Amino acid sequence: MALGVAICGAWYYTILSGFYVLYCPVMYLMFLNHSLYRKVVDVLFSLWELYPVALFQWCYHTRIRCFGDYVNPNENTIIIMNHRTRVDWNYTWLALYHASKPVADQRIENIENKDTNDIFDIICGGKSRTKFVLKDEIKIVPGMGWIMQLNYFLYVRRNWQEDQVNLSQFVDYYNKLECRNRIVLFPEGTDLSEDNKRRSRKFAEANNLQCYEYVLHPRTKGWVALCSRLRSSGLNSVYDVTVAYDNPVNELDLLRGKLPQEVFFHFKR
């Protein structure tokens, strides 16, 4: 448990200290040159994404197994994933880090603008930035929520009138700045807990739908709207991603130091 507390403390400390030491001073750029501000904060977050990769793989010795298609780091893309546990997004950073690096003898075709002279893209390892679609409550979490707001992640309230406006503003904002993103979306909307499985099963039975064992029935309205809106503004690809664990965990397990030894990701373009 001591190791779990130490590593989780180190993980959270970098978030909190990064907000005050790096993000707060950079905030002034927002009023001087918004385009430059967006590039700088995205670079800061992209560099921080390497920290969980090192933390979980070196300290916890977690092995990430990636299968399937190569993920182009230079495209506008949507990544849809099953939501096995509440900590899936921690491992998504690790998976994208590995899946966007082609194997030495792998032939990669149709990679647009692979080379770039933009220093920000060179530092980040590609032109597209990872953005998550998250529950609105997360944005008030000290440190983590604040930084995700400054990086302009897409928050949803499960109120379609408000979410539709937020979605449109999100797409228009990045179109105006000509930024490319990898938008990670969990269509199920919540994790695969026993209570959620029971609710999903009840919904399926009430609507004469198939009952699922390893996923929940997805919420499709937001996915359809996001995909349709991005398609008209330069959507290059969609990745269907499946995640599985040898030992599924939650936040308390992380704190106790009980983590999966292997996490499996399958990417289908």
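Basis of the calculations
- Residues numbered from 1 in each chain as written.
- Predicted model: local features only at pLDDT ≥ 70, side-chain atom pairs only at ≥ 80, totals over all residues.
- Heavy atoms only, no water.
- Helix = DSSP H or I, 4+ residues; strand = E, 2+ residues; numbered from the N terminus.
- Rg over C-alpha atoms; globule rule 2.2 N^0.38 Å.
- Buried < 20%, exposed > 50% of the residue type's maximum accessible area, 1.4 Å probe, protein only.
- Contact = heavy atoms within 4.5 Å.
- Salt bridge = Lys/Arg side-chain N within 4 Å of Asp/Glu carboxyl O.
- Core = buried A, V, L, I, M, F, W, Y, C linked by side-chain atoms within 4.5 Å.
- UniProt positions renumbered as here; feature names shortened; annotations may be inferred.
- Phe/Tyr/Trp six-rings, centres within 6.5 Å; stacked < 30°, edge-to-face > 60°.
- Axes fitted to C-alpha atoms, helices over the stretch in contact; angles between N-to-C directions.
- Parallel < 35°, antiparallel > 145°, perpendicular 65-115°, else oblique.
- Left-handed = near helix turned anticlockwise from the far one by under 90°.
- Nonpolar A, V, L, I, M, F, W, Y, C, P; charged D, E, K, R; others polar.
- Expected span 1.5 Å × (residues − 1).
- Arc of directions from axis to C-beta.

With an unreviewed UniProt entry as reference, the protein is termed Lysocardiolipin acyltransferase 1, source organism Papilio xuthus.

(A) Looking closely at the overall build of the protein. Within the protein, the regular secondary structure consists of 11 helices and 7 strands. On C-alpha atoms alone, the protein measures out to a radius of gyration of 19 Å, which is about the 18 Å that the 2.2 N^0.38 rule sets for 269 residues. By the burial criterion, 45% of the 269 residues in the protein qualify as buried. Within the protein, contacts between residues at least 6 apart in sequence are counted, and of these 75% link residues at least 24 apart.

(B) How the structure looks around the pattern of salt bridges. Tallied over the full model, the rule gives 15 salt bridges. One salt bridge in this structure joins D136 and R157, with 3.4 Å as the shortest N-O distance. Taken together, the residues D136 in the loop between β3 (128-135) and α7 (144-150) and R157 in the loop between β4 (154-156) and α8 (160-177) connect sequence positions 21 residues apart. Since its relative accessible area comes to 15%, D136 is described here as buried. Taking the shortest distance from any N to any O, the salt bridge between D172 and R229 comes out at 2.6 Å. In this pair, D172 is assigned in helix α8 and R229 in helix α10 (residues 220-231), connecting sequence segments 57 residues apart. Among the residues examined, R229 registers a relative accessible area of 27% and is labelled partly exposed. A cluster of three or more residues bridged by salt bridges with shared partners is formed by D136, K139, R157 and E162.

(C) Spotlight on the nonpolar core. Formed by 51 residues in total, the largest nonpolar core has its most connected members in Y91 and F265. Within the second largest apolar cluster, 16 residues are counted, among which are Y173, Y174, L226 and L230.

(D) Representation of the UniProt feature "transmembrane region" (unreviewed entry) in the protein. UniProt feature "transmembrane region" (unreviewed entry): in the numbering of this structure it lies at residues 12-31. Helix and strand shares over residues 12-31 are 90% and 0% respectively, and the end C-alpha atoms of the span are 28 Å apart.

(E) Geometry of the packing of aromatic side chains. This model, assessed by the stated rule, comprises 20 aromatic pairs. Their ring planes at 70 degrees and their centres at 5.1 Å tell us that F170 and Y174 sit as a pair that is edge-to-face. Pair noted here: F170 and Y174 are both in helix α8, with a separation of 4 residues, about one helical turn. A residue is classified by how much of its surface remains accessible, and F170, at 2% relative accessible area, is buried.

(F) A look at the packing of α8 against α10. Packing of α8 against α10 brings their axes to within 10 Å, and their N-to-C directions diverge by 25 degrees. In terms of axis orientation, α8 runs roughly parallel to α10. Handedness of the crossing formed by α8 with α10: right-handed. On α10, the residues touching W160, L167, S168, V171 and D172 of α8 are K221, G222, A225, L226, R229 and L230. Tallied by class, the residues present in the contact of α8 with α10 amount to 6 nonpolar, 2 polar and 3 charged.

(G) Structural context of α10. Counted at 1.5 Å a residue, the expected span for α10 with its 12 residues is 16 Å, and the 16 Å between its end C-alpha atoms agrees. Within the span of α10, buried status applies to L226, C227 and L230. Buried residues along α10 cover an arc of 95 degrees about the axis, so they all sit on one side. Where α10 is buried, its residues touch β2 (77-81), α8 and β5 (180-185).

(H) Region of interest: the environment of L22. Mapped onto the elements of the fold, L22 is located in helix α1 (residues 2-26). L22 sits in the partly exposed class, given a relative accessible area of 40%. Linking L22 and L32, residues 10 residues apart in sequence, is a C-alpha distance of 17 Å. What L22 contacts, discounting residues up to four positions off in sequence, is S17 and L44.

(I) Structural view of α8. Compared with the 26 Å implied by 1.5 Å per residue over 18 residues, the 26 Å span of α8 between its first and last C-alpha is a close match. Looking at α8, one finds that the buried residues are D163, L167, F170, V171, Y173 and Y174. Viewed along the axis of α8, the buried residues span an arc of 155 degrees, placing them on a single side of the element. With respect to the buried face of α8, the exposed residues turned more than 90 degrees away are Q161 and K176. The elements touched by buried residues of α8 are α3 (34-48), β3, β4, β5 and α10. Looking one or two residues beyond α8, the residue adopting positive phi is E178, at roughly 55 degrees.

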